[in-house]
Amino acid sequence: MAKWTEVADGVLVRRHREMDLSVGLVVGEESCLVVDTGRDARQGAELAAAVREVTPLPWQVALTHAHFDHSFGTEAFAPCPVWAHRLCRDDLQATGEEQREAVARLYRERGDVEVGDRIAAVRLVLPDRLVDDAAELDLGGRRVVLRHFGPAHTDHDLVVHVPDVGAVLVGDLVEHGAPPHFDDAFPQSWSAALDGVLALDAPIVLPGHVDPVDRDFVRSQRAELATVAELCRDVAAGGLTVEQAVARSPYPEEFTTVALAR
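Remember, it's a predicted structure, so these values are computed and weren't measured experimentally.

Caption draft 1: Structural detail: the pattern of salt bridges. The tally for this structure, following the rule as stated, stands at 14 salt bridges. Arginine 86 is the partner of aspartate 132 in a salt bridge, and the nearest nitrogen-oxygen pair spans 2.9 Å. Here aspartate 132 is found in the loop between strand 7 (129-131) and strand 8 (134-138), whereas its partner arginine 86 is found in helix 3 (residues 86-109), with 46 residues between them in sequence. The partner of aspartate 216 in a salt bridge is arginine 219, with the nearest N and O atoms 2.6 Å apart. You can see aspartate 216 and its partner arginine 219 sitting in helix 6 (residues 215-237), three residues apart, about one turn around the helix. Its relative accessible area of 53% is what places aspartate 216 among the exposed residues.

Caption draft 2: Structural view of the packing of helix 3 against helix 4 (residues 113-120). With their axes 7 Å apart at the nearest point, helix 3 and helix 4 run at an angle of 170° to one another. In terms of orientation, helix 3 lies roughly antiparallel with respect to helix 4. Residues Arg100, Val103, Ala104, Tyr107 and Arg108 of helix 3 lie in contact with helix 4, whose contacting residues are Val113, Val115, Gly116, Asp117, Ile119 and Ala120. In terms of residue class, the contact of helix 3 with helix 4 is made up of seven nonpolar, one polar and three charged.

Caption draft 3: Highlighting unusual backbone geometry. A cis amide bond, omega 0°, links alanine 78 with the succeeding residue proline 79. If you trace the backbone, proline 79 turns up in the loop between helix 2 (68-71) and strand 6 (82-85). At aspartate 20, a residue that is not glycine, the phi angle is positive and equals roughly 55°. Positive phi values are uncommon outside glycine, yet aspartate 36 reaches one of about 75°. Structurally, aspartate 36 can be placed in the loop between strand 4 (32-35) and helix 1 (41-54).

What counts and how
Residues numbered from 1 in each chain as written. Predicted model: local features only at pLDDT ≥ 70, side-chain atom pairs only at ≥ 80, totals over all residues. Heavy atoms only, no water. Salt bridge = Lys/Arg side-chain N within 4 Å of Asp/Glu carboxyl O. Helix = DSSP H or I, 4+ residues; strand = E, 2+ residues; numbered from the N terminus. Buried < 20%, exposed > 50% of the residue type's maximum accessible area, 1.4 Å probe, protein only. Axes fitted to C-alpha atoms, helices over the stretch in contact; angles between N-to-C directions. Parallel < 35°, antiparallel > 145°, perpendicular 65-115°, else oblique. Contact = heavy atoms within 4.5 Å. Nonpolar A, V, L, I, M, F, W, Y, C, P; charged D, E, K, R; others polar.

In short, geometric facts, not functional conclusions.
So this is what it looks like as structure tokens:
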């Protein structure tokens, strides 16, 4: 059963058992901001009901990126402003139907037909408040800054910074509980994006999966990703074979080979 944990004044995280997904909520005096919306309409509706247990204030949504588990529940919150990086909207337009079909098929094939059917029925909601490098939101007595630090986990990762309590919600820019996923990633610039997160000097970092982490965790992952970036460059330049790079990688072979192919 998912439940809210308040990690700072008016900043809450809700962790789901499925995929260890963590979504966020930032509450101001006049409105609130829901950060990511889950995998389908039911999960989104459950999240919306959970938000109403915390606050009756009108909501806005911020999507950290376009992957289905973070964005397919948005229809439960519509109509409302939906913030995302400009390329997130492009990605949902280009891949949303493909994601929906592929993920629905995956759930059905593993025997979870009900979830597969729900995902197949998702109505995609495209963001309508588009961010390039940064945007500032006023939730009433609370300033929230949306930032993009360049290509990393995707080409459109958005972080949600709450300066007054030193919290930042980072989606899958920081992976907790598993190695970083490189399927849509830009491994040679991911560590630079984490430099941007660290520069915010926020002691509370909320990844898109599992539990909150601190700056030391982010520094450690940044160093690992910098190693992967160097391995990618060395393989591309012919200085290392793929096998040699895998042997030197901080991550398992199945993750490293994907990164090298990117």
